[in-house]
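Residue-level listing of the chains:
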Amino acid sequence: MKVALVSEHASPLAVLGGVDAGGQNVHVAALAQSLAALDHEVTVYTRRDDDALDERMVFCDGVEVVHVDAGPPTRLPKDHLLPHMGAFADALALEWTAAAPDVVHSHFWMSALATLDAAHRVDMELGGHLPVVHTFHALGVVKRRQQGLRDTSPAERSWLEPDVARRVDTVLATCSDEAFELKAFGVPSNRIAVVPCGVDVQHFTPTGPVAPRGERLRIMTVSRLVRRKGVGIAIEALARLVRSGVDAELVVVGGAGDSTHLDADPEVARLREVIRAEGVEDRVVLAGRVDHDALPAVLRSADVVVCAPWYEPFGIVPLEAMACGVPVVASAVGGLLDTVVEDVNGLHVPTRDPDALAAALAGLLADPERRSRYGAAGRARAETRYSWARVAAETAQVYDRVRMDDVDASRWSRR
Ligand code: UDP
């Protein structure tokens with residue numbers, strides 16, 4: 001099948017860990033690769049954010065990346081991209097009118113906007129119905145609920161996002177929590193499919209090189225350094241543990257650059273202030289961005305991975321930790337409710353509650369047998385439920401289903 005993936009801000013070729021480069025980049029890259037491994041022909045469309053990029057690049061066997069000219073060819077925050085979606089749609093329409101894919105899968109709400117616009121023009125030009133499947137990765141309504149006025153999304157997101165949810169042929173929700181939000185948008189259940197994100201279980205494994213570590217119990221976070229990821233809460237929890245006599249350290253992975261270039265990261269100044277206020281300067285390492293290739297060794301060096309976001313649309317990091325056999329203590333929100341199973345591969349804690357996080361960590365850090373049991377269960381769960389091979393096969397099943405529905409396409413209006 002000829003599959004077009006549209007990912008306006010998140011290129012599979014981009015570096016991870018910066019403010020706007022995260023799970024979506026990993027997801028689109030891995031999905032494209034895994035679909036190609038199932039013999040599908042994949043083209044990924046992403047915005048050109050650098051003049052030096054070739055228009056078309058081979059990503060791997062069976063996957064091509066097309067850099068679409070839409071707006072200035074420089075990096076822009078994703079919240080500034082909406083005005084360029086018209087130009088993005090023009091380019092997609094031109095390309096698909098010349099050679100239509102069998103199915104389009106858009107990622108993030110703005111990609112859906114451009115995709116639906118282009119698909120409508122293709123339908124008009126060629127007749128028929130180009131099926132559109134969509135993954136939101138994050139919902140503006142949840143972001144606004146959690147971040148309030150700190151949310152920098154364009155105001156239009158609050159009405160355009162529910163609208164695209166209702167206009168695409170099927171929404172792929174990455175967790176059950178998201179499916180409930182989509183129902184509230186008015187998306188009928190038969191047009192929602194829950195397909196999680198995946199993890200590369202060959203890359204993230206329990207055995208292999210381990211990053212250097214000392215005697216201290218090692219707690220780790222891995223994330224973009226944005227406030228809602230809850231790294232500050234993890235620092236406060238560590239301070240409570242240390243004050244109660246636990247010999248632990250916290251390694252904070254992520255940021256705009258490596259550990260020597262972190263000053264460019266706006267969240268770092270705030271975190272340094274929390275570290276200073278809590279008096280744990282000698283217990284917290286701001287490790288900076290770690291290449292995805294080097295991440296398994298770093299994760300293996302942890303006794304426990306903490307994911308303490310205020311909210312989390314899905315959260316790939318817990319899967320990566322699980323695949324490496326590391327237990328996870330996670331906020332009881334969003335995708336973390338599905339991936340982390342209480343007292344099986346980790347523990348759930350309430351959000352923004354350093355006391356609760358410290359209590360959960362204290363119990364787990366004091367119990368090596370429980371940690372290894374959680375670790376083994378996490379690995380088993382990652383392999384059976386979240387391998388990319390399985391996720392890609394389930395995604396392709398949804399593609400097949402929307403293509404079958406094609407005869408009935410007149411039901412849906414894109415206008
Ligand atoms: N990541 C990385 N290096 C870093 C920080 C993050 O490779 O220094 C990767 C991480 O391993 C994961 C992704 O970025 O694959 C983050 O995805 P997640 O869904 O956890 O969060 P998002 O950034 O999408 O909110």
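All residue numbers refer to position in the chain's written sequence, counted from 1. Whole-chain, interface and lining totals are the exception, using all residues; otherwise, since this is a predicted model, local features are given only for residues with pLDDT of at least 70 and side-chain atom pairs are given and counted only at 80 or more. Only hydrogens and water are set aside; all other atoms, that is, all heavy atoms of the structure, feed into the side-chain values.

A. Layout of the pattern of salt bridges. Between Lys or Arg on one side and Asp or Glu on the other, a salt bridge is scored when a side-chain nitrogen of the former is within 4 Å of a carboxyl oxygen of the latter. Scanning all chains against the criterion turns up 31 salt bridges. Arg403 serves as the salt-bridge partner of Asp102, at 3.8 Å between the closest nitrogen and oxygen. Pair noted here: Asp102 is in the loop between α2 (85–98) and β5 (103–107) and Arg403 is in helix α14 (residues 388–404), with a separation of 301 residues, a long-range link. Measuring nitrogen to oxygen at the nearest pair gives 3.3 Å for the salt bridge that ties Glu394 to Arg385. Note on classification: 1.4 Å probe, protein chains only; a residue is buried when its accessible area is under 20% of the maximum for its type, exposed when over 50%, partly exposed between these limits. Relative accessible area serves as the criterion here: at 16%, Glu394 is assigned to the buried category. The class of Arg385 is partly exposed, set by a relative accessible area of 21%. Counting from the N terminus, the helices are DSSP H or I runs at least four residues long and the strands are E runs at least two residues long.

B. Quick look at the layout of surface pockets. Every definition here rests on a 1 Å grid over the protein atoms only: cavities are sets of points where a 1.4 Å probe fits but cannot get out, pockets are open sets enclosed by protein on both sides within 12 Å along at least five of seven lines, and lining residues have some atom within 4 Å of a point. Grid points are joined across faces, edges and corners, and a volume is the space filled by probe spheres set on the points. Volume-wise, the second largest pocket comes out at about 660 Å³. Lining the second largest pocket are 29 residues, with Ala29, Ala30, Gln33, Asp200 and His292 positioned closest to its centre. Taken together, the elements giving at least two residues each to the lining of the second largest pocket come down to α1 (23–37), α10 (316–323) and α14. Residues that form the lining of the second largest pocket fall into these classes: 16 nonpolar, eight polar and five charged. Charged residues are taken to be Asp, Glu, Lys and Arg, nonpolar residues to be Ala, Val, Leu, Ile, Met, Phe, Trp, Tyr, Cys and Pro, and polar residues to be all remaining types, Gly included.

C. The packing of aromatic side chains, seen in detail. Each aromatic pair joins two rings of Phe, Tyr and Trp (for Trp, the six-membered one) with centres within 6.5 Å, and gets the label stacked for planes under 30 degrees apart, edge-to-face for over 60, and tilted for any other angle. Scanning the entire structure with this criterion turns up one aromatic pair. Look at Tyr45 and Trp96: their rings are 5.8 Å apart centre to centre, the planes differ by 85°, and that puts the pair in the edge-to-face class. Highlighted residues: Tyr45 in strand β2 (residues 41–47) and Trp96 in helix α2, separated in sequence by 51 residues. Residue Tyr45 is classed as buried on the basis of its relative accessible area of 5%.

D. Focus on the sheet that holds strand β10 (residues 248–253). Here six strands make up an open sheet; going across it, the order is β11-β10-β9-β12-β13-β14 and the pairing parallel. Edge strands, defined here as strands with exactly one partner in the open sheet, are β11 (284–288) and β14 (346–349). Pairs of neighbouring strands in the sheet enclose a mean axial angle of 20°, with direction left out of account. Here three bridges tie strand β12 (residues 304–307) to strand β13 (residues 328–331), and the two strands are oriented parallel to one another. Bridge pairing links Val305 to Val328 in β13. Two strands qualify as a pair provided DSSP detects at least 2 bridges between them. The axes used here are C-alpha line fits, helices contributing only the stretch in contact, and every angle between their N-to-C directions lies in the interval 0 to 180 degrees.

E. The site of the ligand, seen in detail. For this purpose, a residue is taken to be near a molecule or strand whenever a single non-hydrogen atom of the residue falls within 4 Å of it. Close contacts around the ligand come from 19 residues, with Gly23, Arg224, Lys229, Val290 and Glu320 the closest. Pairs of N or O atoms are called polar contacts if they sit within 3.5 Å, as long as, within protein, a hydrogen donor faces a hydrogen acceptor (for residues adjacent in sequence, only side-chain-to-side-chain pairs). Within the side chain of Arg228, a nitrogen or oxygen atom sits 3.5 Å from an oxygen atom of the ligand. Take Val317: an N or O atom from its main chain is 3.2 Å from an oxygen atom of the ligand. No other element matches the three residues that α10 contributes to the shell around the ligand. Looking at the shell around the ligand residue by residue, the class counts come to eight nonpolar, six polar and five charged.

F. Representation of the nonpolar core in the model. Counting residues in each nonpolar core, the largest one holds 43 residues, and the members touching the most others are Tyr45, Phe88, Leu92, Trp96, Phe136 and Leu182. Elements with a minimum of two residues in this core: β1 (2–7), β4 (63–68), α2, α3 (109–126), α5 (157–167), β7 (170–173) and α6 (176–185). Looking at this core element by element, the count peaks at nine residues for α3. Not counting the four nearest positions on each side in its chain, Tyr45 is found in contact with Ala4, Leu5, Val6, Ser7, Glu8, Val66, Val68, Phe88, Leu92, Glu95 and Trp96. Each nonpolar core is a collection of buried residues, namely Ala, Val, Leu, Ile, Met, Phe, Trp, Tyr and Cys, held together in the definition by side-chain atoms within 4.5 Å. Here, two residues are considered to be in contact whenever any of their heavy atoms come within 4.5 Å of each other.

G. A look at α10. The element α10 is largely enclosed, with a buried count of eight among its eight residues. Of all the positions in α10, only Ile316, Val317, Pro318, Leu319, Glu320, Ala321, Met322 and Ala323 are classed as buried. Of the residues flanking the end of α10, it is Gly325, one or two places downstream, whose phi is positive at about 75°.

H. Quick peek at the packing of α1 against α14. One can describe the packing of α1 onto α14 by two numbers: an axis separation of 9 Å at closest approach and a directional angle of 80°. With respect to each other, α1 and α14 are oriented roughly perpendicular. From α1, His27, Ala30, Leu31, Ser34 and Leu35 reach across to α14, where they touch Trp388, Ala392, Thr395, Ala396 and Tyr399. The residue makeup of the contact of α1 with α14, split by class, is seven nonpolar, three polar and no charged. Orientation labels follow simple angle bins: below 35 degrees gives roughly parallel, above 145 gives roughly antiparallel, 65 to 115 gives roughly perpendicular, and whatever is left gives oblique.

I. Focus on the side chain of His67. By the element assignment, His67 lies in strand β4. Within the structure, His67 has its side chain in polar contact with the backbone oxygen of Asp54 (distance 2.7 Å). In this structure, His67 is in contact with Leu13, Thr46, Arg47, Arg48, Leu53, Asp54, Glu55 and Met57, ignoring residues within four places of it in sequence.

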